[in-house]
Amino acid sequence: MKRMTTLALLMGTLLAPSVHSDDTPSAPMSFPSPIAEGDAAPDSQSAPATSATAPDAAAAEGDAAPDSAAAPDTTESPAAVVPPPAMPPVQDDTTPTLGGLVPSIVSSLNLSQMGMPEGVILSGGQLQGGADFTLPGDQVVTTAQLNLDVKVSPEMATRNATLQLMLNGQPLGTVPLGAAENDISHYQLDVPAALMVSSNNLSFKINDGDAQQCLRDLTDKYRVVIMPTSRFNWEGQQLDIGSDLSHFPRPFFDSMQMTPASVSVSFPARVTPDEVGAAAIVSSWLGIQADYRGISFDAMHDRLPDKHGIVIGHPGEQVGGLTLPQTNKPLLKIIPNPANPVYKLLLIVGNDDTALRAAAWRLTRGNFALQTASSDIDPQAIPVSRPYDAPRWIPTDRRVKISDLIRKDQSTTVSGVWHEPLRVAFRAAPDLYLWDGETIPLQIGYRFPSESWIDEQKSLLSVTLNNTFLRNLPMNKQGLLESLWHKLGGDARQEQFTIPLEPYLIYGDNQMSLYFNVVPKDSAPCSVLLNNNIKSRITDDSWIDLSHTRHFALLPNLSYFVGASFPFTRLADYSQTVLLLPEKPSEMQITTMLNMTARSGNATGTALGNNKVVMGIPAGGANLEYLRNRDVLAVSGLDQKAFNQSLLENSPYTVTDNTLGVRGATMWQKMQRWMVGDWTADGVDADRYFSSNSSWRGFISYRSPWNSDRLVVTAIGSNDDQLSHLYDDLNSPRINAGIRGDTSIITNENGVRSFRVSTQFPSGQMPWYMMAIWYANQHSGLLAILGLIATTIMGVALTAMFRRHARKRLNPGEDK
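Residue positions are given per chain, counting from 1 as you read along its sequence in written order. The predicted origin of the model limits local features to residues at a pLDDT of at least 70 and limits the giving and counting of side-chain atom pairs to 80 or more, whereas totals for whole chains, interfaces and linings rest on all residues. Processing note: side-chain calculations cover all non-hydrogen atoms of the structure and skip hydrogens and water entirely.

What about the pattern of salt bridges?
In the sections that follow, a salt bridge refers to a side-chain nitrogen of Lys or Arg positioned within 4 Å of a carboxyl oxygen of Asp or Glu. Going through the model one piece at a time under the given rule, you end up with 17 salt bridges. The residue D254 makes a salt bridge to R250 at a minimum N-O spacing of 3.3 Å. On the accessibility criterion, R250 (25% relative accessible area) is partly exposed. The shortest N-O distance in the salt bridge between D378 and K329 comes to 3.0 Å. Here K329 lies in the loop between β17 (322–323) and β18 (331–337) and D378 lies in the loop between β20 (374–376) and β21 (399–401), a separation of 49 residues in the sequence. Through salt bridges that share partners, D291, R392 and R427 make up one connected network. Relative accessibility under 20% of the residue-type maximum defines a buried residue, over 50% an exposed one, and the middle range a partly exposed one, all with a 1.4 Å probe and only protein chains included. What counts as a helix is a DSSP run of H or I of at least four residues, what counts as a strand is a run of E of at least two, and both are numbered from the N terminus.

Structure, rendered in structure tokens:
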């Protein structure tokens, strides 16, 4: 049977490319032919059209690229096929047919996913642009198509210019830059499948350059935008890369993949905490690898995925008819999927929590020998995190150079007059705090080109942070004496400036932009406008200094959680966090938990090697001690009645009849809030909003009932269908920005609404004497009232004392 399966695999792999050989274009099209008005874009499930198409004037602006769960393809040769290892007896009943050996994959990739969220903008003298993209190596492209959405300014539309497209240096065709309704033109071009390789470059060039290069005011008038919805659609076939642990994280995730990934994780029918804990380690590590692309998980009980998947359990347990191997040591093993051996299953097997944790941790370390299908795992030493040591967070104990923050493929030097801005991305702990009046210094060292045709008075370096304009840094020093000195022939160049940043400008995820606006003189010759030989650069003495900040915040604050999984990421390995689930969690509740652990790994760059999973609310023992000593991240649904009642028993929330509500504040609680100056709690509004919605999902956060210094955050939904939307909600910038306070409710109709129902408490690193000053600063109203009461009491006492003293002075004989 093994030999027959291997022979079928080889035949299917060798014959796969020829199946679609007649559909592959022999040469790129040079000019698109028009689409009839009203024609829809081709369905992503069908093969690309055979001819390019002209603008569809009636097409709606901003057509979204079709979603696809499949990964991109490449034309790399398949790896040598390894015969599938021995499978459990059930595999004899699931031997695939030859037709299922080479699955067909339909994929899509748009400019936004290529790292161009605003598309490719060609304006001013910048007549060329493009985008780089990569495709994974375990698929082969058979047919491909480029759907192009182009927005042209009215001035450009009248010039009869054309846009030339090239892929990897080979021409794809040219399209006209004419007028269209809604300012958007839509084109379709067939792409030879042979051009789609692992690393690709798509480039654009305006062919009206000679007519524009001497025009001065080009930035706003002559503008072409290749919209971020422009996309490649293609069909390909999945290749068998063999059962080899050295390929991990392939085939579950490929570092060359630019689209969001989805990974299936299968558990036995009765899920245990140690199995979920091992899954949390793997999901958080895959979240690190996915980075900006995004990754989601699909948890399954006693079911196997149809494609690639991870199976976690104890020796001898059954998962979807598959019996996990018997072993005394932790085991990692890759086997063919019984449904189709082209797809693979990764088995993570261990007898207990220690064994499963060791296997999961060893998997994330990699460095397996080639052709390793199975590996017994030795005991693992898992390091413990220190506070705020997340590798993706900017250090706060020293100055950090700008050159250390940029990606490896970036440079601090830009060429020419027209160029893309230098974008510097960095993450920070969300609880950075400074006293009023203190700022964060950002020093920018920079150098403009030394050319006589540059207008030194108008050329500027523009600096923005998180879309907030900071400052235009001039080429020369400003001031009367500096200008006079420059006119006398002295050196007045300014090449360094320190910008004070207000603390509120620093978020958990930050984007700084530096753009050299080099302005030529009016008398500059035309030839210099397209001169790419000139260089502008940010020098190595540029830095940002967060060393004077403190870690201090008021909790609960859900904006910290959705931005950086804080406060759980204070120790990035979750060694001070409990992952709390109902005693019998549903598939969607485990899925939600794995998606949140993946977000945490992505935010910090650390896998959750020391997480602790608890199912149900313990009445005593070690699990109760975990709740008393750690923060709690919980997932639940309103159908988990007993679990919710125990979880929310001593919280500001209550649950009755499948309805979540907010407890009314007692008179003592109202007095406490009034005394500390907390006059803005809106628990009544939140309670009314809960009661008025039957379908919702969201987050609630409150002071831990097991430890007043700890925090609980709960992801909760009215049902599992609502919980399934949380992944997309957290990836929506609009919804993400609206989550704040301690209660956030999301509905399909109204989006997100946030409330604060309880009093916040301080958390962080602040000495007691500074805490006293902070309290006085935060509660100035209460301080004024207390001061008035104190002065009144002192005044009454002094008045009585002075009256008694006066009476004694005026009547000296009364005391005798």
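Thoughts on the side chain of R493
Residue position: R493 is located in the loop between α6 (480–487) and β28 (496–501). No salt bridge is formed by the buried R493; the nearest opposite charge belongs to E456, separated by 4.3 Å. Whenever a nitrogen or oxygen atom comes within 3.5 Å of another N or O atom, the pair is scored as a polar contact, on the condition that within protein one atom can donate a hydrogen and the other can accept it, and that pairs from neighbouring residues in sequence are kept only if both atoms are in side chains. Of note is the side chain of R493, whose polar atom sits 3.4 Å from the backbone oxygen of F448. Among the polar contacts listed, one links the side chain of R493 to the backbone oxygen of P449, at a separation of 3.1 Å. When near neighbours in sequence (up to four residues on either side) are disregarded, R493 contacts F448, P449, S450, E456, M475, N476 and K477. Asp and Glu count as negative and Lys and Arg as positive, but His and the ends of the chain are not part of the count. Contacts: residue pairs with any heavy atoms within 4.5 Å of one another.

Observations concerning the packing of helix α4 (residues 273–290) against helix α8 (residues 587–604)
To obtain each axis, a line is fitted to C-alpha atoms, and for helices this fit is confined to the stretch in contact; angles are then taken between N-to-C directions over 0 to 180 degrees. Where α4 contacts α8, the axes come no closer than 7 Å and their chain directions differ by 45°. The pairing of α4 with α8 is recorded here as oblique in orientation. In the packing of α4 onto α8, the handedness of the crossing is right-handed. Residues V276, A279, A280, S283, S284, G287, I288 and A290 of α4 pack against I590, L594, T597, A598, G601 and N602 of α8. Split into classes, the residues belonging to the contact of α4 with α8 amount to eight nonpolar, six polar and no charged. Geometric relationships in this document are graded by angle, where less than 35 degrees denotes roughly parallel, more than 145 denotes roughly antiparallel, 65 to 115 denotes roughly perpendicular, and other angles denote oblique. By definition, turning the near helix anticlockwise from the far helix through less than a right angle yields a left-handed crossing, and turning it clockwise yields a right-handed one. Three classes are used: nonpolar for Ala, Val, Leu, Ile, Met, Phe, Trp, Tyr, Cys and Pro, charged for Asp, Glu, Lys and Arg, and polar for all others, with Gly counted as polar.

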